[in-house]
Amino acid sequence: MNGQIYGIIGHPLGHTLSPDLHNWGFARLGLPHKLYCRWPLPPEEIALFLKSFRLLEISGISVTIPHKETIIPYIDGLSPQASRIGAVNTLYWSGDKVLGTNTDIKGFTTPLLSAGLDLDSALVLGAGGASKAALYALKEMGIRTTVTNRGEEKAQSRANELGIDFCAWEKRHKVTADLLVNTTPLGMQGEKSGGSPWEKSMRPFKAVYDIIYNPVWTPFLQQAAEENKPAISGLCMFVSQGLEQFRIWTGLELDYNSALDHLGGILDIQNIPAC
Ligand code: ATR
């Protein structure tokens, strides 16, 4: 059987758990001819990369920052999910065509559904690129959503784009919602670590969802644990979007809890906030 190669492109790529997830999946399902690699790729190399992708018939690609939008002109078509969100995180073949899709919406939705929470409304903090999947997912789930952002214009335009509510950043503590979602980089490893956008003056929430997964236990999730509130980690979203990529590429399903346990083991974390 011929070998098949997959991988992730991004810049700077830094450490990514995607090879751990996909190579674990290939081994678990007895697919030793498949290999997932990491390819740091500067923006100016994107055209050359796509040429190589076609020439070498690379089987599939995960696409991350800053290529999620700029890759679109180089591929042959978009799935409805990628068109809606205007960004691609997965390349796959359909016959002789290279198509782009986006598994982030499903990635956000799956852990929320499996948590079985009774949610009517959500407040989403942040309106950058990372907020899009959360906002689209919540809208599709019929959860009444308000978006707020430090820079007002960005939140206002996201709200207009999706037909959802908008709230000025200074007024976010007045919003009542069941779910609080963090899509800002506050709490992320690096210069923003230790930060949290959840302030004491905010109204109480039933549950929280942080899309950050590095570190898994952000200050935002620690606050939820201290208040005994159900919480979902960005690691759950990461695993769900990855398993959907795996399904698209191989047609095979991997068990979500086993994948989460595997990555928890690599990160040496026993209690992953997954409700
Ligand atoms: P992107 O997701 O577009 O790459 P980002 O730098 O990761 O952008 O930031 C995501 C969102 O978090 C942005 O909407 C950003 O607000 P601005 O539009 O005002 O920059 C928000 N954000 C970043 N740092 C923040 C902070 N310290 N406090 C509050 N919000 C912040």
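Being a predicted model, the structure only gives us computed values, none of them experimental.

(A) Here's a closer look at the site of the ligand. The environment of the ligand is formed by 13 residues, the closest being Gly129, Asn149, Arg150, Gly151 and Lys154. For the ligand, an oxygen atom lies 3.3 Å from a polar atom in the backbone of Ala130. Arg150 places a polar side-chain atom, nitrogen or oxygen, 2.9 Å from an oxygen atom of the ligand. When the free accessible area of the ligand is taken as 620 Å², the share hidden by the protein chains comes to 69%.

(B) Just helix α6 (residues 152–162), in detail. Restricting attention to buried positions, one finds in α6 the residues Ala155, Arg158, Ala159 and Leu162. The arc that holds the buried residues of α6, viewed along the axis, is 100°, so those residues lie on one side. Opposite the packed face of α6, turned more than 90 degrees from it, sit the exposed residues Glu153 and Asn160. Those residues of α6 that are buried lie in contact with α5 (131–140), β8 (144–148) and β9 (165–166).

(C) Quick peek at the sheet that holds strand β10 (residues 179–182). The strand order β9-β8-β7-β10-β11-β12 describes an open sheet built from six strands, whose pairing is parallel. Of all the strands in the sheet, the pair left with one neighbour each is β9 and β12 (231–232). Across four bridges, the pairing between strand β7 (residues 121–125) and β10 is parallel. If you follow Leu125 over to β10, its bridge partner there is Asn182.

(D) Looking closely at the environment of Ser59. Mapped onto the elements of the fold, Ser59 is located in the loop between α2 (46–55) and β3 (60–63). With relative accessibility at 16%, the residue Ser59 sits in the buried group. A sequence separation of 51 residues divides Ser59 from Thr110, and the C-alpha atoms of the two residues are 25 Å apart. For Ser59, the contacting residues outside a window of four places in its chain are Gln4, Ile5, Tyr6, Tyr92, Trp93 and Trp249.

(E) Expanded view of the pairing of strand β1 (residues 4–10). Here β1 lies mainly inside the structure; five of its seven residues are buried. Here seven bridges tie β1 to strand β2 (residues 34–40), and the two strands are oriented parallel to one another. Paired with Gly7 across the strands is Cys37, a residue of β2. For the crossover that starts at β1, traverses helix α1 (residues 18–28) and ends in the parallel β2, the hand is right-handed. Sheet topology places β1 next to β3; four bridges connect them, and they run parallel. Directly across from Gly7, in β3, lies its bridge partner Ile61.

Quick notes on the rules
Residues numbered from 1 in each chain as written. Predicted model: local features only at pLDDT ≥ 70, side-chain atom pairs only at ≥ 80, totals over all residues. Heavy atoms only, no water. Near = heavy atom within 4 Å. Polar contact = N/O pair within 3.5 Å; in protein donor to acceptor, adjacent residues only side chain to side chain. Areas by Shrake-Rupley, 256 points an atom, 1.4 Å probe, with all protein chains shown as cover. Buried < 20%, exposed > 50% of the residue type's maximum accessible area, 1.4 Å probe, protein only. Helix = DSSP H or I, 4+ residues; strand = E, 2+ residues; numbered from the N terminus. Arc of directions from axis to C-beta. Contact = heavy atoms within 4.5 Å. Pairing = 2+ DSSP bridges. Right-handed = clockwise from strand over helix to strand, strands pointing away.

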